[in-house]
Amino acid sequence: MSRRYLFSSESVTEGHPDKICDQISDTILDALLTQDSSSRVAAEVVVNTGLVLITGEITSKANVNYVNLVRKKIAEIGYTDAGNGFSADSASVLIALDEQSPDIAQGVDTAHETRTADSEELFDKIGAGDQGIMFGFACNETPEFMPLPISLAHRIARRLAAVRKTGDLPYLRPDGKTQVTVVYEDGKPVGIDTILISTQHTPNIGDITDDAGVQAKIKADLWTAVVEPVFGDIDVKPDQNTRFLVNPTGKFVIGGPQGDSGLTGRKIIVDTYGGYSRHGGGAFSGKDPTKVDRSAAYATRYVAKNIVAAGLADKCEVQLSYAIGVARPVSIFVDTFGTGKVDDEVLLELIKDHFELRPAGIIHAFNLQNLPSERGGRFYQDVAAYGHLGRPDLDLPWERTDKADTLKQAANKYLSEAIATALN
């Protein structure tokens, strides 16, 4: 008997209050690493009506103007009108920063393995910046190896921001949320049940002043300018049974930090797999790559994506766990949910053989401290909105599938040897 079910994922635009905070935190990180690649950063941001608070722990030789960074990022997002309750020029920016605790620093600067053994290998010299668990996931539902619901939610959110910035829909304001519900049969996406868009907007649209008329105009424009272009290259498309909901409360004029406070790290499911896969609990933004909450989450995605790209599974989830000050993962777990072409135990051995999972090794493999000069000092801030994973619009090192052929060959070799052993 076939199993039919619905699964939903949401995304938010760059003007969402929590996402403003994530982007400011990662803009600070970019600026510090650009000047000092060994900067230790845990930058937290809070926003509310007319207010930005930067707090956390930072140890760096860099000299940056935090206030200027904040105002420039807020303006880039689109908050330039003080009448909107929050703007780049008028918001108060408060700074309350400490340095990283020396108790934490000693575990990161010199790993446990180096302190207790005479290891001179480079990648053993940096311990994990904290304990914790991280999950990475990939599946073959989309070209970017992401679950379809979160992929569509992000696409719609990015498109919503794009038509605002280009002026195609000039009445839109920066705050917005999207949600897509996908119909599955036997684990495969077969339809679109519901598309939901909540978008901040001006009170009036031209000569249209009544709420019902404004919402009808927005709904019609969003379908044509936002939704239809997103589904151009997607096999599963909306049909006559798909519900399309826009601003279900009736209007969305007051938004951004005026409508709701924001905080760094409060959109971790939006940042990852939309709830389709498990999450270890740690946020990403504002953290330098010695924090395995960030770097190891990227590494687990890289592992899972290469396994699926190699054709060794249709779905793959990888978990790592770390101890503070210890370089090597405490545990590695892999689950292919019954879709693996080889046993999960085989995949575990392939992971151990072909992937570097110590913090210094991850940082080196993905070049996470020396930011690419061709992007003008922008790196982390570009993933702080619309997802850190599965980004076809960005060339991210953890999204590459350069290990897929190696894994396929290694798995084939293992299977050949296993068959030969069984025959003998």
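Residues numbered from 1 in each chain as written. Predicted model: local features only at pLDDT ≥ 70, side-chain atom pairs only at ≥ 80, totals over all residues. Heavy atoms only, no water.

A. Molecular detail of the packing of helix α9 (residues 292–309) against helix α11 (residues 359–366). α11 packs onto α9 with a crossing angle of 65° between their chain directions and a minimal axis gap of 10 Å. By the angle between their directions, the pair α9 and α11 is classed as roughly perpendicular. Note that α9 runs across α11; the crossing there is left-handed. Taking contact as the criterion, the partners of Val292, Ser295, Ala296, Tyr298, Ala299 and Tyr302 in α9 are, on α11, Pro359, Ile362 and Phe366. (Axes fitted to C-alpha atoms, helices over the stretch in contact; angles between N-to-C directions. Helix = DSSP H or I, 4+ residues; strand = E, 2+ residues; numbered from the N terminus. Parallel < 35°, antiparallel > 145°, perpendicular 65-115°, else oblique. Left-handed = near helix turned anticlockwise from the far one by under 90°. Contact = heavy atoms within 4.5 Å.)

B. The arrangement of helix α10 (residues 344–354) in detail. Within α10 the residues assigned to the buried category are Val346, Leu347, Leu350 and Ile351. Taken end-on, α10 shows its buried residues confined to a sector of 145°, consistent with a single buried face. Opposite its buried face, α10 presents the exposed residues Glu345 and Asp353, each directed more than 90 degrees away. (Buried < 20%, exposed > 50% of the residue type's maximum accessible area, 1.4 Å probe, protein only. Arc of directions from axis to C-beta.)

C. Highlighting the side chain of arginine 294. Note on placement: arginine 294 falls in helix α9. Taking the relative accessible area as the measure of exposure, arginine 294 reaches 0% and is therefore buried.

D. Region of interest: the sheet that holds strand β11 (residues 331–335). Spatially, the three strands line up as an open sheet ordered β5-β10-β11, and their pairing is antiparallel. Among the strands making up the open sheet, the edge pair consists of β5 (132–139) and β11. The mean inter-strand angle of the sheet, taken between neighbouring strand axes irrespective of direction, is 15°. Its contacts with the sheet put α9 on β5 and β10 (315–322), and the angle it makes with β5 is roughly 30°. (Pairing = 2+ DSSP bridges.)

E. Spotlight on unusual backbone geometry. Positive phi, close to 55°, is recorded for phenylalanine 337, a residue that is not glycine. You will see that asparagine 367, though not glycine, has its phi angle at about 55°, which is positive. As for its placement among the helices and strands, asparagine 367 is situated in the loop between α11 and α12 (380–383).

F. The arrangement of the environment of glycine 387 in detail. Note that glycine 387 resides in the loop between α12 and α13 (404–423). Given a relative accessible area of 1%, glycine 387 falls into the buried group. Counting along the chain gives 113 residues from glycine 387 to glycine 274, while the straight-line C-alpha distance between them is 9.4 Å. Filtering out sequence-adjacent residues up to four positions away, glycine 387 remains in contact with His154, Val270 and Asp271.

G. Inspection of the pattern of salt bridges at higher detail. Per the stated rule, a full pass over the model turns up 25 salt bridges. The salt bridge partner of arginine 155 is aspartate 233, with a shortest N-O separation of 2.9 Å. Here the residue arginine 155 occupies a position in helix α5 (residues 148–166), and aspartate 233 occupies one in the loop between α6 (211–230) and β8 (243–246), the gap between them amounting to 78 residues. The partner of aspartate 221 in a salt bridge is lysine 217, and the shortest N-O contact between them spans 3.4 Å. With aspartate 221 and lysine 217 both in helix α6 and four residues apart, this pair spans about one turn of that helix. For lysine 217, a relative accessible area of 33% gives the class partly exposed. What you see here is one network of salt bridges that share partners, running through Lys73, Glu76, Arg378 and Asp382. (Salt bridge = Lys/Arg side-chain N within 4 Å of Asp/Glu carboxyl O.)

H. Layout of the packing of aromatic side chains. Tallied over the full model, the rule gives 15 aromatic pairs. Centroid distance phenylalanine 7 to tyrosine 276: 5.2 Å. Interplanar angle 70°. Geometry classified as edge-to-face. In this pair, phenylalanine 7 is assigned in strand β1 (residues 4–12) and tyrosine 276 in the loop between α8 (268–271) and α9, connecting sequence segments 269 residues apart. Relative accessible area serves as the criterion here: at 22%, phenylalanine 7 is assigned to the partly exposed category. On the basis of an interplanar angle of 50° and a centroid distance of 5.6 Å, the ring pair of phenylalanine 137 and tyrosine 276 is categorised as tilted. Of this pair, phenylalanine 137 sits in strand β5 while tyrosine 276 sits in the loop between α8 and α9, and the two are 139 residues apart along the sequence. For the pair phenylalanine 137 and tyrosine 276, a shared accessibility class is recorded, and that class is buried. A connected cluster of aromatic rings, assembled from ring pairs, spans Phe284, Tyr298, Tyr302, Phe355, Phe366, Phe379, Tyr380 and Trp398. (Phe/Tyr/Trp six-rings, centres within 6.5 Å; stacked < 30°, edge-to-face > 60°.)

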